[in-house]
Amino acid sequence: MSFFEMPTPAAARRLFLARSGVVLSGAAVALLAGNEALAAKSGGKAGDVRILNTALGLEFEGIAAYQVGAESNLLQKPVLDLAVTFQGHHKEHADVLAKTIQKLGGKPVSAKAKYNFPVDQLKSQTDVLKFAAKLEQGAVSAYLGAVPLFGNRDLAKAAASILGDEAMHWAVLRQALGEAPVPVAFVS
Amino acid sequence: MLARLLAGLTAALAAGAAGAALQGDPKAGEEIYSRCLACHSLASDRVGPRHCGLFGRRAGSVKGFAYSDAMKRYKVVWNEKTLDRFLANPLKVVPGTDMTYAGVTDPKERADLIAYLKQANGSAECGK
């Protein structure tokens, strides 16, 4: 049964969390924040911190974007619940990334006080979903472009774990838009 | 006579080099630009700087954008050639850049992306 065929939003959310979010976030936490040996193992530490900080900036922007969507009054349930769930994932990613940067001796970037989203172009639920889908698609590409750069392979693995989560977000948003959820065999 | 021959040869070589340059397809480039959308947009500064006004702009020069020191020191003006070089491997060309992205390794994809960016720079969105 798909997410959108569940009888209630709560059931759909439970299904989604059971299938992806909690497991993924747990893995990410174990890989990153829970790994005390990480800092010692990290090769190319300054470079890794830079990559993680760019990812953190991206996650902060994703959190803010979903907040705009949630507060727009354009999203109806269960899509609203979906947006809040996805925002929660981005918060978990950001939390883990920030903790890892600190473990590596770096200083995590902060969220911006203001983001310039194209709010004047968001007139309907479809507009919001398209906007979110574009961001998630971009996030997949951004993580894909970052994974091979890490000096520390554990960090590359953890970034790939986040990439998988972002790809699921993108697919579900495409499904919600009535588009093929997984249009191609490879992401780029 | 020799000078004229050399001049002709130089011109022929230059024409050959230009002919070998990849022609970018802006439509295909728009699709490739979707990879950039987590961090960039045309008209707004986000995790990365805006792309409106990119061509002819000095690297690291968008007012108010928090560039890495490496990008601030990278003294090039963005054009087809400098973008092609940078986009192929950003961290190799500008070590220390915050654009922690492995790059667009396919020359045709870079040509398409640059063609799109050039077209977009002339669009209404960039003309606001």
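Residues numbered from 1 in each chain as written. Chains lettered and ligands numbered in written order. Predicted model: local features only at pLDDT ≥ 70, side-chain atom pairs only at ≥ 80, totals over all residues.

Caption draft 1: Fine view of the overall build of chain B. The secondary structure content of chain B amounts to seven helices and zero strands. The 128 residues of chain B split such that 30% are buried. Taking the intrachain contacts of chain B between residues at least 6 apart in sequence as the baseline, contacts between residues at least 24 apart amount to 52%. (Helix = DSSP H or I, 4+ residues; strand = E, 2+ residues; numbered from the N terminus. Buried ≥ 20, exposed ≤ 12 C-beta atoms within 10 Å, placed from the backbone. Contact = placed C-beta atoms within 7 Å.)

Caption draft 2: Focus on the overall build of chain A. Scanning chain A from terminus to terminus reveals six helices and zero strands. Listed N to C, the secondary structure of chain A is α-α-α-α-α-α in terms of helices and strands. Here chain A, with 188 residues, has 41% of them falling under the buried criterion. A separation threshold of at least 6 residues defines the contact pool for chain A, and within that pool the share at least 24 residues apart is 77%.

Caption draft 3: Here's a closer look at the interface of chain A and chain B. Taken together, the contact pairs 19 residues of chain A with 14 residues of chain B. When residues of the side of chain A that touches chain B are traced back to their parent elements, those giving at least two are α3 (45-70) and α5 (125-146) of chain A. It is α5(A) that provides the largest number of residues to the side of chain A that touches chain B, a total of nine residues. Tallied by class, residues from the side of chain A that touches chain B come to eight nonpolar, eight polar and three charged. (Nonpolar A, V, L, I, M, F, W, Y, C, P; charged D, E, K, R; others polar.)

Caption draft 4: View of helix α6 (residues 153-176) of chain A. Helix length check: α6(A), at 24 residues, gives a terminal C-alpha distance of 35 Å against a target of 34 Å (1.5 Å per residue), a fit within 8%. Taken from the residues just after α6(A), Gly178(A) is the one with a positive phi, measuring 80°. (Expected span 1.5 Å × (residues − 1).)

Caption draft 5: Spotlight on the packing of helix α4 (residues 79-103) of chain A against α6(A). Residue and element names in this part refer to chain A. At a minimum axis distance of 11 Å, the contact between α4 and α6 shows a crossing angle of 165°. In terms of orientation, α4 lies roughly antiparallel with respect to α6. With respect to the hand of their crossing, α4 and α6 are arranged in left-handed fashion. Of the residues in α6, those touching α4 at Val 79, Leu 82, Phe 86, His 89 and His 93 are Ile 162, Asp 165, His 169, Val 172 and Ala 176. (Axes fitted to C-alpha atoms, helices over the stretch in contact; angles between N-to-C directions. Parallel < 35°, antiparallel > 145°, perpendicular 65-115°, else oblique. Left-handed = near helix turned anticlockwise from the far one by under 90°.)

Caption draft 6: Spatial organisation of the confidence of the model for chain A. Residue-level pLDDT values for chain A average 84, and 77% of them are 70 or greater. Note that pLDDT drops below 50 for residues 1-31 of chain A; the model gives that stretch 39 contacts with residues more than four away or on any other chain. (pLDDT = per-residue confidence, 0-100.)

Caption draft 7: Just the confidence of the model for chain B, in detail. Residue and element names in this part refer to chain B. For chain B, per-residue confidence averages 88 on the pLDDT scale, and residues scoring 70 or more make up 84% of the total. Within chain B, the element-level pLDDT minimum falls on helix α1 (residues 2-20), averaging 48, and the maximum on helix α4 (residues 80-88), averaging 98. Here the predicted complex carries an ipTM of 0.81, next to a pTM of 0.81.

Caption draft 8: Spatial organisation of the nonpolar core. With 65 residues, the main nonpolar core has Ala132(A), Tyr143(A) and Ala159(A) as its most contacted residues. Of all the secondary structure elements, the ones that give two or more residues to this core are α3, α4, α5 and α6 of chain A together with α2 (26-33), α4 and α6 (107-121) of chain B. The element that contributes the greatest number of residues to this core is α5(A), accounting for twelve residues. Apart from the residues lying within four places of it in its own chain, the contact partners of Tyr143(A) are Ala159(A), Ile162(A), Leu163(A) and Glu166(A). (Core = buried A, V, L, I, M, F, W, Y, C linked by C-beta atoms within 7 Å.)

Caption draft 9: A look at the environment of Leu56(A). All names here are of chain A. Here Leu 56 lies in helix α3. For Leu 56, a count of 24 C-beta atoms within 10 Å gives the class buried. Residues contacting Leu 56, with those up to four places away along its chain left out, are Ala 94, Leu 97, Ala 98, Ile 101, Pro 108 and Val 109.

Caption draft 10: Structural view of α4(A). Its 25 residues place the ends of α4(A) 36 Å apart at the C-alpha level, agreeing with the 36 Å of an ideal helix rising 1.5 Å per residue. Backbone geometry just after α4(A) places Gly105(A) at a positive phi near 90°.

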